[in-house]
Every structure is written in C-alpha cells, then in structure tokens.
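An overview of the molecular structure
Below, each chain spelled out in residue letters.
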Amino acid sequence: MANPILKVEGLNRYFGALHATKDVSFEVPEGQIRSIIGPNGAGKSTLMDLICNRTAPSSGKVIFKDEDITGLAPHKIVKKGMCKCFQITQIFHNLTVYENVQVSRINMNKKAFNFLSVRDNYLKDEIEHYLSIVGIQDKINEVAGFMSYGDQRRLDIAIALAMEPTLLILDEPAAGVAREEAYKLMDLIHKLGKEQKMTIMFIEHDMDIVFNYAESISVMSNGSMIATGTPAEIKQNAFVQEAYLGGVSGE
Ligand SMILES: Nc1ncnc2c1ncn2[C@@H]1O[C@H](COP(=O)(O)OP(=O)(O)OP(=O)(O)O)[C@@H](O)[C@H]1O
Ligand SMILES: [Mg+2]
C-alpha cells in the first residue's frame, strides 16, 4: 500500500449515552479516492468531523502526514492541507462568488490582505482559475446566495480547492444535485484528484456513484467500521448486499 496520508486509531465519540463511533481504525493511502458508505445514522459524518476536529473525539487518535493532529484547532488542520466541504455552510450567501473564493485564499494566508488591493481586482486571476475548474467562471460576479443549489455546491468545492488541500473530504457531494449534474461534479472531483495528487474521501449513498468513482470503499454500520476493500470486494460483502444491493436500501 502507498504511504498512508491518514491514519485513524481507535476513534470513539459519545453523544451522551449514544456511542456514535465505536473504536474506528483505518488508513487511507496517499492519492486514493475512498468512499465511506453505510446506512443513515451509521456515524459517517461524525467520523469525518472527528478527523478534522469539528467534533472532538471522546478517545482515539488522528495521524495526518505522520503527525498526530488530534485536538488541533480546525483552522490549523486546514492549513496542514486537510479540507472538508461543508455542504454549502461555508459559503457567504451575501457575498459574490468572487469574494467567496477571495476570502478563502486570504484566510489561508496565501496572500496578504489590504483594502487597496481588494478594490483592484485582488487575486482575480487565481480566483478565475479555481472557478473555471468547477465550471462557474461565468458566474464570478453573482451573489452566491442567489445561485442554483448545484452551482453553490460547485462554489463550495472551489472554496475548498482554493485552500490547496492534499486531503479533501466531501460529505455527500451529490446530494440534492440532479443526476447528470452529480456525475459531472464527480468527474471533476475525480480528475482533480488525479491531476493534483489529492487524496479524496467522500461519503455517498448513491451506489452507482460510489462504485463508479471509488478506488476503495469503507463500510460503516451502527458506529463501527465493518469492512474496507476494493469495489469488487465490497460488492460481495454480505452486509452491503443486504443494505444496498439486494433492494433493501439503507436510505
Ligand atoms: N451533535 C450531535 N448530538 C447528538 N447526537 C448526534 C450528533 N451528531 C450525530 N449524532 C447522532 O450520532 C449518530 C451518527 O450520526 P451521523 O450523522 O454521523 O450519521 P451518518 O452516517 O452521517 O448518517 P446520514 O447518512 O443520515 O448522514 C446518529 O444517531 C445521530 O443522531
Ligand atoms: Mg451524514
């Protein structure tokens, strides 16, 4: 296996009496596209939030690029190259598309901020670059909150890409997006992952998308990570067959 970029060791999280992630351990090799699947309430989103410390673990460790980052402030984890898309919540709805990506670049301290340069199309070329990657460069001056849901998802990804992540985490990137749009978005994410040698973890319920794009799949059930394998291996997994492929949907 290629060098793991991420190692998770024995992650537990309780919400009161509820044991939401149960002693979860797994690794993701550098450059891999990994899907995390499992029924509603299995603990997938909680696990991703524990990894980027949006939720503090009750116990366990997160090792990113050979460094123990457990308990590190989320913005410091972002600066180390781990970035999660937030299902639009990181978009400033009253700012333009341009301003949204600009804020993301400035926050990363990639560029210094000053009011004179902001007036003078500050960072315009690189912002256009990120917007063209996700295909919304023509919407650069639109107010983000007025765009379609699909375009907001694209902007969300552009904001994340502007932070130049080495590990990108996506929680249901295709949710709420029309099927054709979802495939376009996944094609794009896949292409970027390969071009920029980015490691990608994505949670997804749509098994067509999972089996089309994932190189490796981890399955969660009831707080536990019950299997990790290639798409071919996971297709044969009895739990996955029952929950997803035998007609009894996890949804
Ligand atoms: N902040 C919280 N407080 C209390 N319980 C929570 C909290 N966040 C999640 N949970 C509970 O933890 C369990 C796991 O939830 P989580 O959102 O991680 O599941 P999921 O696998 O992402 O599900 P879905 O596929 O529906 O998004 C659920 O029972 C959920 O109700
Ligand atoms: Mg979830």
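Everything discussed here concerns the structure shown above.
So, a few notes on the structure that sits alongside this text. What you see is a predicted model; the values in this text were computed from it and never measured. (Residues numbered from 1 in each chain as written. Chains lettered and ligands numbered in written order. Predicted model: local features only at pLDDT ≥ 70, side-chain atom pairs only at ≥ 80, totals over all residues.)

**Remarks on the sheet that holds strand E6 (residues 82-84)**
Across a sheet, paired strands are connected by hydrogen bonds in the backbone, their directions being either parallel or antiparallel. Taken together, the six strands give an open sheet; going across it, the order is E6-E7-E8-E3-E9-E10, and neighbouring strands pair in mixed fashion. This sheet does not close on itself; its edge strands, each paired only once, are E6 and strand E10 (224-229). Going across the sheet, the axis of each strand differs from the next one's by a mean of 15°, ignoring polarity. Bridge count for strand E3 (residues 33-37) against strand E8 (residues 199-203) is four bridges, and the pairing is parallel. (Pairing = 2+ DSSP bridges. Helix = DSSP H or I, 4+ residues; strand = E, 2+ residues; numbered from the N terminus. Axes fitted to C-alpha atoms, helices over the stretch in contact; angles between N-to-C directions.)

**Quick notes on the nonpolar core**
Nonpolar side chains tend to gather and get buried jointly when the protein is soluble and globular. Ranked by internal contacts, the top residues of the largest apolar core, which has 66 residues, are Val101, Leu131, Ala158, Leu168 and Ile200. By residue number, the principal contributor to this core is helix H6 (residues 149-161), which donates six residues. Here this core spans two domains, and each of domain 1 (1-81 + 165-251) and domain 2 (88-164) adds at least three residues to it. Once residues lying within four places of it in the same chain are set aside, the contact partners of Ala158 are Val101, Tyr130, Leu131, Ile133 and Val134. (Core = buried A, V, L, I, M, F, W, Y, C linked by C-beta atoms within 7 Å. Buried ≥ 20, exposed ≤ 12 C-beta atoms within 10 Å, placed from the backbone. Domains from an automatic or database assignment. Contact = placed C-beta atoms within 7 Å.)

**Examining the site of ligand 1**
Ligand 1 sits among Phe15, Leu18, Ala20, Gly38, Asn40, Gly41, Ala42, Gly43, Lys44, Ser45 and Thr46. Secondary-structure elements contributing two or more residues to the shell around ligand 1 are strand E2 (18-29) and helix H1 (44-51). By residue number, the principal contributor to the shell around ligand 1 is H1, which donates three residues. Here the residues of the shell around ligand 1 sort into four nonpolar, six polar and one charged. (Near = placed C-beta within 6 Å. Nonpolar A, V, L, I, M, F, W, Y, C, P; charged D, E, K, R; others polar.)

None of this, on its own, says anything about what the molecule does.
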